[in-house]
Amino acid sequence: MAYLRTAMDSEYWDLNIATPTSLHGSARAVPGQSMPLDGTRASRALRIQQLSFLSNGFPLGIIPAYSPPASKDLGAFSLQSLLVKTVSSNWWVGLVGQLRPKKLLAPIDRDGPESQAYKDIPKRLLDKSLYSIALCSQLSVTPTTSVFLSTEGQGDKKKRSTKAMLFHKLPNHDVTLEAAWPELFVDHKGNYWDVPESISLDCASVVSESGLRYRVGVHKSRGKPLSDNQLDDEAPPALMPGLCAKAAFSYEKSRDIWRGREKKEDFIVKTKRGELWRPAYDVRLKEPHLAVSGIIGGTCSALFAKEKSFASVESSEDGSSNSLDSKHTTSLNSDLFGSVCCTFQLGKFRKTFGDLSRIDARLNISSVSALARASNIFGKASANKAENSLSSPRLNLILQQQILGPLVFRVDSKFSLESSSQRKIDPQMEDTIYSLNYSLRLLGSGKVVAWYSPKRKEGMVELRLFEF
């Protein structure tokens, strides 16, 4: 089943999107925009933990990645590796390194191995723009409380990014305090934004048996958002400086129309040597079925911000801005959202070939109020561009097909169902993700994922555990 909780999480500021742009392996989705693809969600495992595991299966422990750099001469291809790690019973620390080899090798490819460029390799190795380094540490203070700290420096950027997180698990709630300087966000267009300072406190309930879930939180950001893609576009309104308090709730339900239950003969195979245990490659894909699921919820937010006059904004050398004339503004907003999904799976994902074909079709409505205004239900259409972008429902399709054994090819795509002037639906593709998934049978529901995003022109290899 598609990950329905993205419907609520995309309204908040802590939905992590997988990206190799940062050595942390993730960036925050801009809240309040259309729901992102399920395939773009970042792994729950920290990037340094992923590299520690993935290094066992890659030559010399080097994992490739692909992401556009700030300078074109560095090249999009990069190599990542876990350089150092120290682990104890309740604490670990590690150092992650990244190298972009294009700038180092391009002169040799151009002039040949006998040229002066070949002799200048030791000198070019000292160019700090080739490297990126991140130091990460996690301490389990108690069985229910942990602290995560990291700092990252990229050679092609002047500023260092620092992040801190405190996580505390209550019997029925998770409390998270996070801070970042700066925080990296990605919008629905695939553009990246650096928010100079971002601090959030969030309390989220675990999903109950009834399907009810709720969240409350406070988020504060400071400083002018800067484009990481060197674009002239205006920053999304949700990233502007201010204090935002938000509450949300959702009700989630799933029902099977048909399901082929697992039987003993499915996982116990009789051979000449006796009985052998043969579990599915992924325990969450072990039963063919046809199911329908849905989620509905609402949000309520209060924003306290400063509205700055552009005629009186002065930019300093570090990119921050100082306003000479500003006024305080307060806004209250509430809205509803919903999502419905139909899943059809053939195969039990146990055999070597042709034992898994699956499709998830999910219809998302990010903003009921924007949809109502766009449909002229209230007699007046909205002129707000951000609101109009939310008015169209989105159709997300997930196609999965087993190739051989635990290897599965997956395509995630998102279509905007816009209405033309003739009141006809005119689907427009907004995003797509291609991925190869290698399921790790011994981990139950773990997999190694290699994905590529044509829209963002980037791709990476991840380890994902108990996610779907």
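Everything here concerns the structure above.
Residues numbered from 1 in each chain as written. Predicted model: local features only at pLDDT ≥ 70, side-chain atom pairs only at ≥ 80, totals over all residues. Heavy atoms only, no water.

## Considerations on the sheet that holds strand 11 (residues 192–195)
- Reading across the sheet, the 5 strands line up as 1-2-10-11-14 and stay open at both edges, with mixed pairing between neighbours. Sheet topology places strand 1 (16–18) and strand 14 (226–227) at the edges, where each strand pairs with a single neighbour.
- The pairing of strand 1 with strand 2 (residues 26–29) spans 3 bridges and is antiparallel. The partner of Asn16 across the bridge, within strand 2, is Arg28. (Pairing = 2+ DSSP bridges. Helix = DSSP H or I, 4+ residues; strand = E, 2+ residues; numbered from the N terminus.)

## Remarks on the nonpolar core
- One finds Ile48, Leu54, Val96 and Val448 to be the most contacted residues of the largest nonpolar core, which totals 15 residues.
- Counting residues per element, the ones that place at least two in this core are helix 2 (47–54), strand 5 (91–99), strand 6 (131–142) and strand 27 (458–465).
- Looking at which element gives the most residues to this core, the answer is helix 2, with 3 residues.
- Not counting the four nearest positions on each side in its chain, Val96 is found in contact with Leu23, Ile48, Leu51, Ser81, Leu82, Leu83, Ser132, Ile133 and Ala134.
- Grouped together as the second largest cluster of nonpolar side chains are 11 residues, Met8, Tyr12, Ala248 and Cys341 included. (Core = buried A, V, L, I, M, F, W, Y, C linked by side-chain atoms within 4.5 Å. Buried < 20%, exposed > 50% of the residue type's maximum accessible area, 1.4 Å probe, protein only. Contact = heavy atoms within 4.5 Å.)

## Regarding the packing of aromatic side chains
- Enumeration over the complete set of coordinates arrives at 3 aromatic pairs.
- A ring pair is formed by Tyr281 and Phe349, whose centres lie 5.1 Å apart and whose planes are at 55°; its orientation type is tilted. Within this pair, whereas Tyr281 is found in the loop between strand 17 (274–277) and strand 18 (289–308), its partner Phe349 is found in the loop between strand 21 (326–346) and strand 22 (357–365), the two being separated by 68 residues in sequence. Summarising the burial analysis for this pair, Tyr281 and Phe349 share the class buried.
- The ring of Tyr12 has Arg215 sitting right over it, with the charged end atom 4.0 Å from the ring centre.
- It is Arg441 that lies over the ring of Tyr281; its NZ or CZ is 4.1 Å from the centre. (Phe/Tyr/Trp six-rings, centres within 6.5 Å; stacked < 30°, edge-to-face > 60°. Lys NZ or Arg CZ within 6 Å of the ring centre and 35° of its normal.)

## Some points on unusual backbone geometry
- With an omega dihedral of -10°, the bond running from Trp181 to Pro182 counts as a cis peptide bond.
- Of note in this structure, Phe349 is not a glycine but carries a positive phi near 55°.
- Residue Phe349 is classed as buried on the basis of its relative accessible area of 0%.

## Quick word on a nonpolar patch on the surface
- On the surface, Tyr66, Phe77, Phe353, Ile403, Leu404, Phe409, Tyr434, Leu436 and Tyr452 cluster together to form a nonpolar patch covering roughly 870 Å² of accessible area.
- Counting through the fold element by element, Phe77 comes out in strand 4 (residues 77–87).
- Residue Phe77 is classed as partly exposed on the basis of its relative accessible area of 40%. (Patch = residues over 30% accessible without salt bridge, like charges linked within 9 Å, V, L, I, M, F, W, Y side chains within 5 Å. Areas by Shrake-Rupley, 256 points an atom, 1.4 Å probe, with all protein chains shown as cover. Salt bridge = Lys/Arg side-chain N within 4 Å of Asp/Glu carboxyl O.)

The values reported here are purely geometric and, on their own, carry no functional implication.
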